[in-house]
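Reading the structure
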2 protein chains.
Amino acid sequence: MTYCLGILLRGGLVLASDSRSNAGVDQVTQVRKLAFLPTAAGCAVAIMSSGNLATTQAVVSTLREMAGSGQPGLDLSAAKTLFEVAGIVGAVLRAVIDRDGRFVAPYGDAAAGFLVGGQMAGEAPRLFQIYAAGNVIEATDRAPFLQLGETKYGKPILVRALTIETSLEEAAKLALLSFDATLRSNVSVGMPIDLLSYVTDSFSSEDVKTIEVHDPYWMALREAYGAGLEELIDRLPTP
Amino acid sequence: MTYCLGILLRGGLVLASDSRSNAGVDQVTQVRKLAFLPTAAGCAVAIMSSGNLATTQAVVSTLREMAGSGQPGLDLSAAKTLFEVAGIVGAVLRAVIDRDGRFVAPYGDAAAGFLVGGQMAGEAPRLFQIYAAGNVIEATDRAPFLQLGETKYGKPILVRALTIETSLEEAAKLALLSFDATLRSNVSVGMPIDLLSYVTDSFSSEDVKTIEVHDPYWMALREAYGAGLEELIDRLPTP
C-alpha cells in the first residue's frame with residue numbers, strides 16, 4: 001500500500017508521500033515516491049506514485065527519457081499547461097500497462113496511479129490525479145486535496161480542517177496529522193515522509209523535507225496533538 | 001454500507017450503529033441495526049448487523065424463533081456464556097448463507113456480519129464479532145473495540161483516545177465522534193445513530209438512545225469538536 005496526499009492552496013501546494021513498498025509482508029523496503037518531472041525551464045512540477053513499483057518506475061523513467069525528444073504527446077519539456085503534463089503521464093502509464101499488464105497478471109496487478117502537482121509558467125498552481133486508466137481529474141476549490149493508496153484513515157482531519165484558503169504551514173501540519181492517523185492503522189504505509197511545500201510563483205523545487213521517524217518536529221507534533229486531543233475530548237459536553 | 005461500533009470497557013459496553021440501508025444509490029432506506037437477543041432471564045445481550053439485509057433479518061428472526069426451542073446449539077435461551085451465544089449466531093448465519101447464497105449470487109452478495117455484546121449471568125461483559133464465515137473473534141483489553149462495515153474513517157480517533165479504562169461517558173462521546181468522521185466521508189452510512197450504553201452488572205437493556213440528525217447533544221458535540229480541533233491545530237507547532 002501507499003499513502004500520498006496532494007493539497008491545492010491559494011498560496012501554493014503541499015505534497016506528501018510515504019516510503020513503504022512491499023510485495024507481501026515478508027518483503028518490505030523503502031522507496032521515494034515523490035520526484036520532480038523534466039518540464040520546461042521556469043516550471044516546477046512534482047509527481048507522486050502509487051501501485052505496482054515496476055510500473056511507476058517505468059513511467060517516471062520513460063517520462064525522463066522522452067523529455068526533449070520532441071515526440072508529440074510524450075515530451076514533457078514541450079508541455080505548456082499542467083493539464084498537458086497530466087495527459088502525457090496518463091499516456092505513458094497506458095503504454096506501460098498495455099505492454100506489461102498481461103505478463104504481470106499471473107503474479108499480481110500492474111496498475112498504478114499518480115498525483116501530479118506544480119506550476120507551469122503562465123498558470124496558477126494545479127493538482128491532478130492520474131488513474132490507472134490514464135484518465136485524469138483535477139483538484140478544485142471545493143475539493144482541494146487528492147489522495148492515493150490508503151486514503152481513508154487520513155481523510156477525516158482533512159475534511160474537517162482543510163480548505164483552499166488554509167495557509168501552507170497549516171496545510172503541512174494537517175498533512176502530517178493525516179499521515180499520523182494513517183500510519184497508526186495501516187502498517188503497509190511507512191516512514192519516512194517526503195513533504196514538499198511549494199509557494200505560488202516561486203517555481204522552486206527546493207523545499208522538500210524528508211521526515212524520519214525520530215524527526216524532532218514530527219515527534220513534537222504527534223505528542224502535542226495527542227495531548228491536545230485528549231484534553232479537547234475531556235472538555236466536550238457529555239451525553 | 002454500514003457502520004457499527006462495539007466498545008468493551010471495564011465499566012461496561014458502548015454499542016452504536018447507523019441506520020442506512022441501500023441497494024444502489026437509488027434505493028435508500030432506514031433500518032434499525034441494533035437489537036436485543038432472547039437470551040436467558042438475567043442476561044442482557046445486544047446484536048448489531050451489517051451486510052445483506054435479507055440475511056441479517058433472517059438470522060435475527062431465526063434466533064428469536066429458535067429461542068426456547070431446546071434445539072442443541074441453536075437455542076439462545078439455553079446459552080450459558082457469551083461465547084456460546086456468538087457461536088449460535090455464527091451457526092445460524094452459516095445456515096442462512098448456505099441456504100440462500102447461491103440464489104442471491106446472481107444479484108449480489110448474501111454475506112453478513114455481526115457484533116454481539118453484553119453480559120451473561122456469572123460473566124463480565126464481553127464483545128464478539130461474527131464473520132460471514134460464522135467464526136468469531138472477541139475484543140480484548142489490548143484491542144477493546146470492534147467495527148463492522150465502513151471501519152476506516154472512524155478508526156483514528158479510537159486508536160488515539162480509547163482504552164479499556166475509558167469511562168462509559170467518554171467512550172460514548174468517542175463513539176459519536178467516530179460516527180461523525182464516518183458520516184462526513186461515506187454517504188452510505190446514515191443517521192440516526194442507535195447508541196447503547198451498558199453498565200457492568202446492571203443487566204439492563206434500557207439505555208438505548210436514538211440520535212437523530214437534529215439531536216441537540218449531537219449538534220453541540222460536533223460543533224464543539226470542530227471548533228476545538230481548529231483551535232488545537234492552530235496551537236500546534238509549525239514545521
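Attention here is on the structure that accompanies the text. The shown structure was predicted, so the numbers you read here are calculated from the model rather than taken from an experiment.

About the thresholds
- Residues numbered from 1 in each chain as written.
- Chains lettered and ligands numbered in written order.
- Predicted model: local features only at pLDDT ≥ 70, side-chain atom pairs only at ≥ 80, totals over all residues.
- Heavy atoms only, no water.
- Contact = heavy atoms within 4.5 Å.
- Buried area = accessible area lost by both parts, 1.4 Å probe.
- Salt bridge = Lys/Arg side-chain N within 4 Å of Asp/Glu carboxyl O.
- Polar contact = N/O pair within 3.5 Å; in protein donor to acceptor, adjacent residues only side chain to side chain.
- Helix = DSSP H or I, 4+ residues; strand = E, 2+ residues; numbered from the N terminus.
- Nonpolar A, V, L, I, M, F, W, Y, C, P; charged D, E, K, R; others polar.
- Buried < 20%, exposed > 50% of the residue type's maximum accessible area, 1.4 Å probe, protein only.
- Pairing = 2+ DSSP bridges.

Another aspect to go through is the interface of chain B and chain A. It is common to give the size of an interface as the accessible area lost on bringing the parts into contact. Listed by partner, the interface residues are 35 residues for chain B and 33 residues for chain A. Roughly 3400 Å² of surface becomes buried between chain B and chain A when both sides are summed, with 68% attributable to carbon and sulfur atoms. When the area that chain B buries against chain A is broken down by residue, the three leading residues are B:Lys152, B:Arg160 and B:Ile233, summing to 20%. In this structure, the connection of chain B to chain A is made through four salt bridges. Where A:Arg160 meets B:Asp180, a salt bridge forms, and the shortest distance between an N and an O atom there is 2.8 Å. The tally of links from chain B across to chain A stands at twelve residue pairs in polar contact (both at pLDDT 80 or more). Elements that contribute at least two residues to the side of chain B that touches chain A include exactly helix H3 (155–161), helix H4 (168–185) and helix H5 (216–235) of chain B. Per-element tally for the side of chain B that touches chain A: the top contributor is H5(B), with twelve residues. Considered class by class, the residues forming the side of chain B that touches chain A number 20 nonpolar, three polar and twelve charged.

Here we come to the pairing of strand E6 (residues 44–51) of chain B. All names here are of chain B. Counted residue by residue, E6 has seven buried out of eight residues, so it is predominantly covered. Relative to E6, strand E5 (residues 34–36) runs antiparallel, the two sharing three bridges. Bridging from a neighbouring strand, phenylalanine 36 pairs with alanine 46 of E6. Bridge analysis of E6 against strand E7 (residues 112–119) gives eight bridges, and the strand direction is antiparallel. Counterpart to serine 49 in the pairing with E7 is phenylalanine 114.

So yeah, pure geometry; function would need other evidence.
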